[in-house]
Amino acid sequence: KWSHQNNARTTIMEEYAQPIRRPDRANMSHITILIPLTRHWRVAPLCEDLLAAIHDTKRTNTTFDLLWICDNNQISNTQITNELDKNRDLPESTIIHTKQKPLPRWNRQLRRQRIADNYNLAAKHIPQESDYVLIIEDDTQIPKWTITDILKIREHAKGFHDENELPIGIISGVQVG
């Protein structure tokens, strides 16, 4: 559970029944790409970037789904679905709309709590079949090789463990700039 203290093709969800892992996926990975969305004008560029990045993974035996958490009541589901319809080769998408008003940029405490609340909401809607979750915020530019490189890092890190002999469970990348 995330918290903050101190420092068809497209489904619009209210309730979500999680799928059961299929036995025929033994040699496949499934990645849910979580997209927290607050800027409507970023939907089209994100769709284009995601399409290129996912297409670049064709030989990796990986499947994907997209989970959009729309956290701005000024963005309609239609704005998102129109862009998804233009990019029919994108994986299946689920849109969850919080219907919240945008928060003031100056109030970090409220913004951090909203982010934590949205991650908790997203966690309830990540399909059971997902092996990994990749979070791509709406202000991120995704070079087409990004997901392929992450998958290579994952393969390289499979044998690594931390000091408690637990397998490494997170690969993180931050775009600076």
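Since this is a predicted model, take the numbers as computed values, not measurements.

Caption draft 1: Summary view of the nonpolar core. In this structure, Ile 33, Leu 50, Leu 66, Trp 68, Ile 80 and Ile 147 are the most contacted members of the largest nonpolar core, which totals 24 residues. Looking at this core, the elements that each hand over two or more residues are strand E2 (29-37), helix H1 (43-55), strand E3 (62-70), helix H2 (77-86) and helix H4 (146-157). Tallying contributions element by element places H1 first for this core, with 6 residues. Not counting chain neighbours up to four residues away, the residues in contact with Ile 33 comprise Leu 50, Ile 54, Phe 64, Asp 65, Leu 66, Leu 67, Leu 134, Ile 136 and Ile 147. Within the second largest apolar cluster, 7 residues are counted, among which are Leu 34, Leu 67, Tyr 119 and Ala 122.

Caption draft 2: Spatial organisation of unusual backbone geometry. Backbone geometry places Asn 61, a non-glycine residue, at a positive phi of 60 degrees. By secondary structure assignment, the location of Asn 61 is in the loop between H1 and E3. For Lys 99, which is not glycine, the phi dihedral falls at a positive 65 degrees. For Lys 99, the position within the fold is in the loop between strand E4 (93-97) and helix H3 (108-123).

Caption draft 3: Structural view of the confidence of the model for the chain. When pLDDT is averaged along the chain, the result is 77; 72% of the residues meet or exceed 70. Predicted confidence is poor over residues 1-24, with pLDDT under 50, and the contacts of this stretch with residues over four places away or in other chains come to 47 contacts.

Criteria and cut-off values
Residues numbered from 1 in each chain as written. Predicted model: local features only at pLDDT ≥ 70, side-chain atom pairs only at ≥ 80, totals over all residues. Heavy atoms only, no water. Core = buried A, V, L, I, M, F, W, Y, C linked by side-chain atoms within 4.5 Å. Buried < 20%, exposed > 50% of the residue type's maximum accessible area, 1.4 Å probe, protein only. Helix = DSSP H or I, 4+ residues; strand = E, 2+ residues; numbered from the N terminus. Contact = heavy atoms within 4.5 Å. pLDDT = per-residue confidence, 0-100.

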